[in-house]
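For reference, the chains in residue letters:
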Amino acid sequence: MIVGQICPPWTRHLLASLSVVLWLTVLAAHAVVQQDIRTNGTNLFVDGGSATTGVNFPAGTVGSQVLEIQASVRFMKADGEAYGVNNGGTPYYDQINLQVVSPLGTVQNLIAPGDFQDGSNTGGFGLSEIHFRAGSGFSLTNVDPNTPQAGSFRPTGNLRNFENETPAGSWTLNLGDSVAEDGLSVDRWRLRIWSGDPQATVSSSSSFGNVLVGSSADLTTSVSNTGDTRAIFNDGTVVSTTLSGTFEDPLGGDFSLVGGNAFSGLTVGGTSADRDYRFRPTSRGSQSTTAQIVSDGGNQSLTLNGQGVAPQALVDTTAANAGPVRLGDTGTATVGLTNVGDGNLSGLGSVSNLNGSFTAASGLFTSSNQVLSLPDGGLILQAYDYAPTSRGFDTQDIIINLTNGSTDGTNAAQQLLVALSGQGVGPEFTSAGDVSGVLDFGSVTLSRTASLTLDLSNQTPDGDLGALTTLSLLNAQIIGSDAGAFSLLGFSPTLLTDGQSISLNVEFTPTLEGIRSATLSFVTDQNAPFGLGGQTFSFSLTGTGILTELPFVPEPSSLALGLSVLFFWLAGEMFWRRRRRC
């Protein structure tokens, strides 16, 4: 009866019974790991006041947090002042208050005063169950604002406030009836709690193995919910709360997470959340890092490791200096290139070789183009011909084009400049004291012989380098129309080292009057390979043949005899001249 309202006798109701079963469900985003059921069969009656009944869940018999709650209360609101008594009047449902209180003191209304209006005589216990749910899609007072009806009903309180509380301790059901003379009878209530912690299980390989620098490899990591699953009631309905969390980005290195990191809705025994971690090494070497999978079923730490492999070029220039090379000859400068990397461990074949080419060179150092594809440990020697054209030191850069396998281990393309060097050396033919290159014998009486000395030497500024600077006098000849008037005495092929010299005699014997000339030539190996014909050096030969010799002074005895003869000759000449006058 409503407070302040006086009911006439005819309004006193006969027994109006109502049996309502209230179901409270709180769904938490966890795996169900334990189910506990407590019932209380004590008959309760309250009229114009309140009553309390409870149940205790001892610590150790339940899990650490509330995952799901179900509660049922079967009650009767009737015109009567004793348990189970109905005097036939109309029940006033607006006087009912039912509450669930957690061990932490959280209070939630199942039915609050005023939720319903006046009802009607509905009979005794045993009405169909009314399910109380937390979903917002259900009406507050079911289909009838005056009378609870069978079906779904959303409780007045926010039932999700029980999520994650501890289930251990005393749970209480409060019964309230706001007006006397219209009692509330309860013959049974029941509380079910699912409690425990979810369990996240990670399945993944931790090693990416050998990955070619610049390429990538993926590892699939799976997270599943391995908590317990419990069935509700005997109809086989399965409640499996879900597991949620995130795949965290790796903490360092060349590792990354592919795609979105969040996951949710993982049921026990259901699908897993799969994500790929990617390893894309940027340089050679071993790497490792840690990735976290954070979830409400526990955090998991995943160690990731991989080996970056790649070809790597190593240039050897120890033979890039051709050293001293004789002018006119050819030396060799050599550049070595070795693949000191480990790219073939990736199993990708020739793409993991050291690839590129030695670019063709021209100038003092020459070579053709040389394509290369070196496996791990492979070596190639590229030779460059060095042909110096002058005495002194020479340098020249050549190019190695790498399409991969750079020297820093990052497997990038790279252009390498390598300096080649060499020194041009050789002998120096010199004729001492005769800068003009002319041998002039002057005037010589016919059939007489005049002689001159020719000094030849090797005056190389490069020092004694053996065959590199030794001068070979290979041949000598006199040519020209008057070649027969001249001769070279005692010549034979000769080697002259640095500073050595040779003296040769050249003779002139004229047989005809007048100026005679010819050319004396020496064939050497200057500006040519040692011992092979090279530069020729020539001298002009000239002389004049005369008929009479120049006057000469006689001896004293010869002079006296001559004067006597001259005297007698002059006397005779004078005698003959006088006779002719007479």
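Refer to the preceding data block for the structure.
Worth saying up front: this structure is predicted, and the values here are computed from it rather than measured. (Residues numbered from 1 in each chain as written. Predicted model: local features only at pLDDT ≥ 70, side-chain atom pairs only at ≥ 80, totals over all residues. Heavy atoms only, no water.)

K.L.:
Summarise the overall build of the protein; cite the residues concerned and give the values.
P.N.:
Along the backbone of the protein there are 1 helix and 39 strands. In the protein, which comprises 582 residues, the share counted as buried stands at 42%. Total accessible area computed for the protein in this model is approximately 27200 Å², and 51% of it derives from carbon and sulfur atoms. (Helix = DSSP H or I, 4+ residues; strand = E, 2+ residues; numbered from the N terminus. Buried < 20%, exposed > 50% of the residue type's maximum accessible area, 1.4 Å probe, protein only. Areas by Shrake-Rupley, 256 points an atom, 1.4 Å probe, with all protein chains shown as cover.)

K.L.:
Run through the environment of Asn-369, naming residues and quoting values.
P.N.:
Relative to the helices and strands, Asn-369 is located in the loop between strand S26 (365-366) and strand S27 (370-374). Take Asn-369: its relative accessible area is 43%, and that puts it in the partly exposed class. Counting along the chain gives 11 residues from Asn-369 to Phe-358, while the straight-line C-alpha distance between them is 5.7 Å.

K.L.:
Kindly report on the sheet that holds strand S33 (residues 450-458), identifying the contributing residues and their values.
P.N.:
Paired through their backbone hydrogen bonds, the strands of a sheet run either parallel or antiparallel. On the basis of which strands lie adjacent, the open sheet formed by 4 strands has the order S31-S33-S37-S35 and antiparallel pairing. This sheet does not close on itself; its edge strands, each paired only once, are strand S31 (429-431) and strand S35 (486-489). Taken pair by pair, the neighbouring strands of this sheet meet at an average axis angle of 30 degrees, ignoring direction. Where S33 lies against strand S37 (residues 501-508), 8 bridges are found, and the strand directions are antiparallel. (Pairing = 2+ DSSP bridges. Axes fitted to C-alpha atoms, helices over the stretch in contact; angles between N-to-C directions.)

K.L.:
If you had to explain the sheet that holds strand S13 (residues 217-225) to someone new, which residues and values would you point to?
P.N.:
In spatial order, the strands read S11-S13-S19-S17; together these 4 strands make up an open sheet with antiparallel pairing. If you trace the sheet from one side to the other, it starts and ends with strand S11 (200-203) and strand S17 (255-258), each paired once. This sheet shows a mean twist of 25 degrees between the axes of neighbouring strands, independent of strand direction. Relative to strand S19 (residues 273-279), S13 runs antiparallel, the two sharing 7 bridges. What sits directly across from Leu-219, in S19, is Tyr-277.

K.L.:
Give me the environment of Asp-394: which residues, what numbers.
P.N.:
Position of Asp-394 relative to the elements: it lies in strand S29 (residues 392-402). Classification of Asp-394 by relative accessible area gives buried; the value is 15%. It is 7.7 Å that separates the C-alpha atoms of Asp-394 and Gly-424, two residues lying 30 residues apart in sequence. A polar atom in the side chain of Asp-394 sits 2.6 Å from the side chain of Tyr-386. (Polar contact = N/O pair within 3.5 Å; in protein donor to acceptor, adjacent residues only side chain to side chain.)

K.L.:
Requested: an account of the packing of aromatic side chains, with residues and values cited.
P.N.:
Inspection of every chain in the model, using the stated rule, returns 13 aromatic pairs. Relative to Phe-255, the ring of Phe-208 lies with its centre 5.7 Å away and its plane at 45 degrees, an arrangement referred to as tilted. Remark: Phe-255 occurs in strand S17 and Phe-208 occurs in strand S12 (residues 207-212); sequence separation between them is 47 residues. By the burial criterion, Phe-208 is buried, and Phe-255 matches it. Seen from their ring centres, Phe-441 and Phe-508 are 5.7 Å apart, and the 40 degrees between their planes marks the pair as tilted. Placement of Phe-441 in strand S32 (residues 438-445) and of Phe-508 in strand S37 is noted, with a sequence separation of 67 residues between them. Here the aromatic cluster, defined as three or more aromatic residues joined through ring pairs, consists of Phe-208, Phe-255 and Phe-279. (Phe/Tyr/Trp six-rings, centres within 6.5 Å; stacked < 30°, edge-to-face > 60°.)

K.L.:
Describe the nonpolar core, listing the residues and the values that go with them.
P.N.:
Counting 27 residues, the largest nonpolar core has Phe-75, Leu-98, Trp-171, Leu-175 and Leu-191 as its most contacted members. Of all the secondary-structure elements, those providing two or more residues to this core are strand S2 (44-46), strand S3 (50-57), strand S4 (66-77), strand S5 (96-101), strand S6 (107-111), strand S9 (169-177) and strand S10 (184-195). (Core = buried A, V, L, I, M, F, W, Y, C linked by side-chain atoms within 4.5 Å.)

K.L.:
Requested: an account of the pairing of S6, with residues and values cited.
P.N.:
In this sheet, S6 lies alongside S5 in antiparallel orientation, the contact comprising 4 bridges. Looking across to S6, one finds that Val-101 is bridged to Val-107. Taking the residues between adjacent antiparallel strands as the criterion, S5 and S6 are bridged by 5 residues, where Gly-105 takes a positive phi near 90 degrees.

K.L.:
Any chance you could break down the side chain of Ser-357 for me, citing the residues and the numbers?
P.N.:
With respect to the helices, strands and loops of the structure, Ser-357 is situated in strand S25 (residues 354-358). Those residues in contact with Ser-357, other than ones at most four positions away along the chain, are Asn-369, Gln-370, Val-371, Leu-372, Ile-399, Ile-400 and Asn-401. (Contact = heavy atoms within 4.5 Å.)

K.L.:
Before we move on, could you go through the pattern of salt bridges and cite the residues and values that matter?
P.N.:
Counted under the stated rule, the structure contains 5 salt bridges. With its nearest N and O atoms 3.4 Å apart, the salt bridge here joins Arg-391 to Glu-428. In this pair, Arg-391 sits in the loop between strand S28 (379-386) and S29 while Glu-428 sits in the loop between strand S30 (414-425) and S31, placing the two residues 37 residues apart along the sequence. Among the ionic pairs, Arg-391 bridges to Asp-462, the shortest N-O distance being 2.6 Å. (Salt bridge = Lys/Arg side-chain N within 4 Å of Asp/Glu carboxyl O.)

K.L.:
Account for the side chain of Asn-339, with residues named and values stated.
P.N.:
Here Asn-339 shows up in strand S24 (residues 331-339). The class for Asn-339 is buried, based on a relative accessible area of 1%. Here the side chain of Asn-339 touches Gln-312 through a polar contact of 3.2 Å, landing on its backbone nitrogen. Of note is the side chain of Asn-339, whose polar atom sits 2.9 Å from the backbone nitrogen of Gly-341.

As far as function goes, none of this settles anything; it's purely spatial.
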